[in-house]
Amino acid sequence: MKLGIFGGTFDPVHSAHIAIAETARDKFALDRVLVIPAANPPHKAGATADYEHRYRMVELACAGKRALEPSRLEEGTERSYSIHTIERVRAEVGSDWDLFFVIGADAFAEITSWHRWRDVVASVEFVVVTRPLAQFVVPEGSRVHMLEDLLLPVSSSELRATLAAGQRPEALPATVYDYILEHHLYE
């Protein structure tokens, strides 16, 4: 069986995130895709919305989407290192599952700077979401599948700016937008 691991800050989660998860699920026949908000990502400054709000938005965005499962695996105050998440997933599902780590090309280009990156490379197969002109080197021993032709020009920082200006971004699922309004996020 095949399990996708799709982590991110998701600040906020948007339609491109869901499209990536669903496309990876379909193209690589993933039985499940865990959508995991990072509580304390090591490569980014703090999130704008707190973890609980970001988790709830992921939950709303995944509702009714076949095999997309919100996960609290990175909840807490410790750094959200990918290898720790992978080890937690492996402990939960056992050795019968093949793990597929869904990652953007920009992040994959920095994989060798990650905490215990060699262990990450040895533990999963990568689904790399490419972008036009994205360049990266595939580290030796990596098992990489490309998820190409997804032209999703959506950025969470642009969405936050649009929300702060009092406008509704088209790239937000309606339930996520309603949640943002209800909780006065990104104002």
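It should be emphasised that the depicted structure is a prediction, and the values quoted were computed from it without experimental measurement. (Residues numbered from 1 in each chain as written. Predicted model: local features only at pLDDT ≥ 70, side-chain atom pairs only at ≥ 80, totals over all residues. Heavy atoms only, no water.)

### Quick word on the overall build of the protein
Okay, step 1: Tallying secondary structure elements over the protein gives seven helices and six strands in all.
Okay, step 2: Counting from the amino terminus, the protein carries its helices and strands in the arrangement β-α-β-α-β-α-β-α-α-β-β-α-α.
Okay, step 3: For a compact globule of 187 residues, the expected C-alpha radius of gyration is about 16 Å, and the protein comes in at 16 Å, within 12% of that figure.
Okay, step 4: Projected onto its principal axes, the C-alpha positions of the protein cover 45 × 35 × 30 Å.
Okay, step 5: Within the protein, the fraction of its 187 residues that count as buried is 46%.
Okay, step 6: Considering only residue pairs separated by 6 or more positions, the protein has 67% of its internal contacts joining residues 24 or more positions apart.
Okay, step 7: Just so you have it, the protein exposes about 9,500 Å², and 48% of that area is on carbon and sulfur atoms.
Okay, step 8: Positive and negative side-chain charges of the protein, numbering 19 and 27 respectively, have mean locations separated by a distance of 2 Å. (Helix = DSSP H or I, 4+ residues; strand = E, 2+ residues; numbered from the N terminus. Rg over C-alpha atoms; globule rule 2.2 N^0.38 Å. Buried < 20%, exposed > 50% of the residue type's maximum accessible area, 1.4 Å probe, protein only. Contact = heavy atoms within 4.5 Å. Areas by Shrake-Rupley, 256 points an atom, 1.4 Å probe, with all protein chains shown as cover. Lys, Arg positive; Asp, Glu negative; His and termini not counted. Charge placed at Lys NZ, Arg CZ, Asp CG, Glu CD.)

### As for the pairing of strand β4 (residues 98-104)
Okay, step 1: In terms of burial, β4 is a largely internal element, five of the seven residues being buried.
Okay, step 2: Relative to β4, strand β1 (residues 2-8) is paired through five bridges, and the arrangement is parallel. Note that in β4 the partner of Phe6 across the bridge is Val102.
Okay, step 3: Two elements, β4 and strand β5 (residues 125-129), share five bridges in a ladder whose sense is parallel. The partner of Phe101 across the bridge, within β5, is Phe126. (Pairing = 2+ DSSP bridges.)

### Comments concerning the side chain of Glu125
Okay, step 1: Among the secondary structure elements, Glu125 is positioned in strand β5.
Okay, step 2: The side chain of Glu125 sits in the buried core without any salt bridge; Arg143 is the nearest counter-charge, 4.2 Å away.
Okay, step 3: Here His145 takes part through its side chain, which lies 2.6 Å from a polar atom of the side chain of Glu125.
Okay, step 4: Among all residues touching Glu125, those that are not within four sequence positions of it are Leu99, Phe100, Phe101, Arg143 and His145. (Salt bridge = Lys/Arg side-chain N within 4 Å of Asp/Glu carboxyl O. Polar contact = N/O pair within 3.5 Å; in protein donor to acceptor, adjacent residues only side chain to side chain.)

### Thoughts on the pattern of salt bridges
Oppositely charged side chains are able to pair whenever their charged atoms sit close together.
Okay, step 1: Throughout the structure, instances matching the rule amount to 11 salt bridges.
Okay, step 2: For Glu52, the salt bridge goes to Arg72, with nearest N and O atoms at 2.7 Å. Of this pair, Glu52 sits in helix α2 (residues 51-62) while Arg72 sits in the loop between β3 (68-70) and α3 (82-93), and the two are 20 residues apart along the sequence.
Okay, step 3: For Glu52, a relative accessible area of 39% gives the class partly exposed.
Okay, step 4: Arg72 gets classed as partly exposed once you look at its relative accessible area, which sits at 33%.
Okay, step 5: Arg72 is the salt-bridge partner of Glu75, the closest N and O atoms lying 3.0 Å from each other.
Okay, step 6: Salt bridges sharing partners connect three or more residues here, namely Glu22, Arg25, Asp26 and Arg66.

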